[in-house]
Amino acid sequence: MNCVNSVTDVHTPFLNSLIGVFFSWLMLMLIFNRPLTKGTKRFFYFGVPVFALGFLVIIPLGVGLAVLFCWIIYLLCRVLPILFRKEETIRKNLIPFGVNALALTVSFILIFVTTTQANSTPGLIKSMGSVSPFYPGTVHSVMSRLIQRGPEVVDPLSETLEKTLDRDYISPFLPTRIAYCLSEIGSPQAEAVLKQVVAEEIDLSDNENTKWEAAVCCLYADCAGPRAVPVLQTLLERADEKQQFIPLCALARTGDFTAIETVLEHVDALQKQLKQPFTNRGYAAMIRLTLQALAEGQSPEDLKTSPIYHRMLLGLRPDHQTQTGIVWNQQWDGELDLSALQHHWSQILKQPAENDAE
């Protein structure tokens, strides 16, 4: 239920407030207009509101929103005719006229204020952390809007990330989504934030369950490229044996030959970890996709596009096929010829360097 509410708050942030105004208006209509009297008042001031409120209770909130807008139109139809009547008629209908006008005014103010707040950078960051990964379209919409704002959102993202990582319990969703935004923004300041998190906040020296660290390391590698190698190498040296796959998968995404050599040197350890009966399925998928990228990739971009955080349910929806034709398979179990792979990647990574020299 919380997930549904959070998604609704992203798309229609004014909905709950508008329902509150609608309910208050209904109560005032019942008090001041004697709904049990005969004639049209029973329908206009009791039947219509109760019918609409019943719809809000028994149908999804998305349809309830349409009902609320119908209510606003209904109020306009009730208020506007009074404006064109004689002054004596206005005095007789002063209370219902005032209540209707007030309800309309408050409704429009709430729609404007709550929508403005929700579309602000703090509002988008708050929404980004509350939406379930089972609504990836909504997650991507919020992240894309933050990314489009560019370097100006780096500071609020960094502050939120710092506060999140200081908590006793850290939900994996918000840190990873913030890291994704920073990686996509790609400015020097954004890269510096990711570097600091990887270097100072991530500890892989024990065998504790890691939920957000793997994705953040890989996103830092995507953002910084070869510049991330020293930090990830240090992380690898200090990591527990069962946690080494995290910096290794990230090193492969840097596109640096030294980093790729390091990964190839640890292939046996990665394959051994895959055979362990208690290896997390998501982490196993990360290892398999990284090995597939090394075996079948034809460019550094193939390493970066391997969808290794998809199974971590963090709201990311990467493509499952690269431009060079790799169809990613989370169950990949192909053979690896280490010497051939080393030669293969040395040739691939040597070509850009030769082109730059020319």
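Here we summarise the structure given alongside this text.

## Considerations on the environment of Leu102
- Within the secondary structure layout, Leu102 lies in helix H6 (residues 94–119).
- The sequence separation of Leu102 and Val21 amounts to 81 residues, and the corresponding C-alpha distance is 9.9 Å.

## What about the packing of aromatic side chains?
- Taken as a whole and assessed by the stated rule, the structure comprises one aromatic pair.
- With a centroid separation of 5.0 Å and an interplanar angle of 45°, the aromatic rings of Phe245 and Tyr283 are classed as tilted. Residue Phe245 is located in helix H14 (residues 245–252), and its partner Tyr283 is located in helix H17 (residues 281–296); the two are separated by 38 residues in the primary sequence.

## Some words on a negative patch on the surface
- Taken together, Asp155, Glu159, Glu162, Asp166, Glu200 and Glu201 make up a surface patch of like negative charges.
- Those elements that place two or more of their residues in the negative patch are helix H9 (154–165) and helix H11 (188–201).
- Per-element tally for the negative patch: the top contributor is H9, with three residues.
- A relative accessible area of 52% means that Glu162 is categorised as exposed.

## Quick look at helix H8 (residues 136–148)
- If you check H8, its first and last C-alpha atoms are 18 Å apart, about what 13 residues at 1.5 Å a residue would give, namely 18 Å.
- Every buried residue of H8 is accounted for by Thr138, Val139, His140, Val142, Met143 and Leu146.
- A positive backbone phi angle near 70° is found at Gly150, which sits one or two residues after H8.

## What to know about the pattern of salt bridges
- According to the stated counting rule, one finds two salt bridges in the structure shown.
- Across the pair Glu191 and Arg227 runs a salt bridge whose closest N-O atoms are separated by 2.8 Å. Taken together, the positions of Glu191 in helix H11 and Arg227 in the loop between helix H12 (213–224) and helix H13 (229–238) put the pair 36 residues apart, joining distant regions of the chain.
- The exposure class of Arg227 is exposed, given its relative accessible area of 54%.
- Arg253 is the salt-bridge partner of Asp222, the closest N and O atoms lying 2.9 Å from each other. Taken together, the positions of Asp222 in helix H12 and Arg253 in the loop between H14 and helix H15 (257–265) put the pair 31 residues apart, joining distant regions of the chain. Side by side, Asp222 and Arg253 carry an identical accessibility label, which is buried.

## A closer look at the nonpolar core
- Counting residues in each nonpolar core, the largest one holds 81 residues, and the members touching the most others are Met128, Leu157 and Val198.
- Looking at which element gives the most residues to this core, the answer is H12, with 10 residues.
- When near neighbours in sequence (up to four residues on either side) are disregarded, Leu157 contacts Ile125, Met128, Leu146, Ile178, Cys181, Leu182 and Ile185.

## A short note on the environment of Leu270
- Assignment of secondary structure puts Leu270 in helix H16 (residues 267–274).
- With relative accessibility at 2%, the residue Leu270 sits in the buried group.
- Considering only alpha carbons, one finds Leu270 and Gln244, 26 residues apart in sequence, at a separation of 8.5 Å.
- Other than its neighbours up to four places away in sequence, Leu270 contacts Phe245, Leu248, Val263, Ile287 and Leu291.

## Topic: a nonpolar patch on the surface
- Taken together, the side chains of Ile109, Phe112 and Val113 make up a nonpolar region of the molecular surface, amounting to roughly 300 Å² of accessible area.
- Of note, Ile109 is situated in helix H6.

## Quick notes on empty space enclosed by the protein
- In the structure shown here, the tally under the stated rule is one cavity of 30 Å³ or more.
- Approximately 30 Å³ is the volume found for the largest cavity.
- Residue composition of the lining of the largest cavity, by class: three nonpolar, two polar and two charged.

## Focus on the packing of H14 against H17
- It is the contact of H14 with H17, at a shortest axis distance of 10 Å, that shows an interaxial angle of 35°. Crossing angle aside, the handedness with which H14 passes H17 is left-handed. Where H14 approaches H17, its residues Phe245, Cys249 and Ala252 are matched on the opposing element by Tyr283, Met286, Ile287 and Thr290.
- By residue class, the composition of the contact of H14 with H17 is six nonpolar, one polar and no charged.

## Comments concerning the environment of Glu261
- Inspection of the secondary structure puts Glu261 in helix H15.
- Residue classification places Glu261 among the partly exposed residues on the basis of a relative accessible area of 29%.
- Along the sequence, Glu261 and Ser346 sit 85 residues apart, while their C-alpha atoms lie 9.2 Å from each other.

Conventions and cut-offs
Residues numbered from 1 in each chain as written. Predicted model: local features only at pLDDT ≥ 70, side-chain atom pairs only at ≥ 80, totals over all residues. Heavy atoms only, no water. Helix = DSSP H or I, 4+ residues; strand = E, 2+ residues; numbered from the N terminus. Phe/Tyr/Trp six-rings, centres within 6.5 Å; stacked < 30°, edge-to-face > 60°. Patch = residues over 30% accessible without salt bridge, like charges linked within 9 Å, V, L, I, M, F, W, Y side chains within 5 Å. Areas by Shrake-Rupley, 256 points an atom, 1.4 Å probe, with all protein chains shown as cover. Salt bridge = Lys/Arg side-chain N within 4 Å of Asp/Glu carboxyl O. Lys, Arg positive; Asp, Glu negative; His and termini not counted. Charge placed at Lys NZ, Arg CZ, Asp CG, Glu CD. Buried < 20%, exposed > 50% of the residue type's maximum accessible area, 1.4 Å probe, protein only. Expected span 1.5 Å × (residues − 1). Core = buried A, V, L, I, M, F, W, Y, C linked by side-chain atoms within 4.5 Å. Contact = heavy atoms within 4.5 Å. 1 Å grid on protein atoms, 1.4 Å probe; cavity = no way out; pocket = protein on both sides within 12 Å on 5 of 7 lines; lining within 4 Å. Points joined across faces, edges and corners; volume = space filled by probe spheres on them. Nonpolar A, V, L, I, M, F, W, Y, C, P; charged D, E, K, R; others polar. Axes fitted to C-alpha atoms, helices over the stretch in contact; angles between N-to-C directions. Left-handed = near helix turned anticlockwise from the far one by under 90°.

The values are spatial; any link to function lies outside them.
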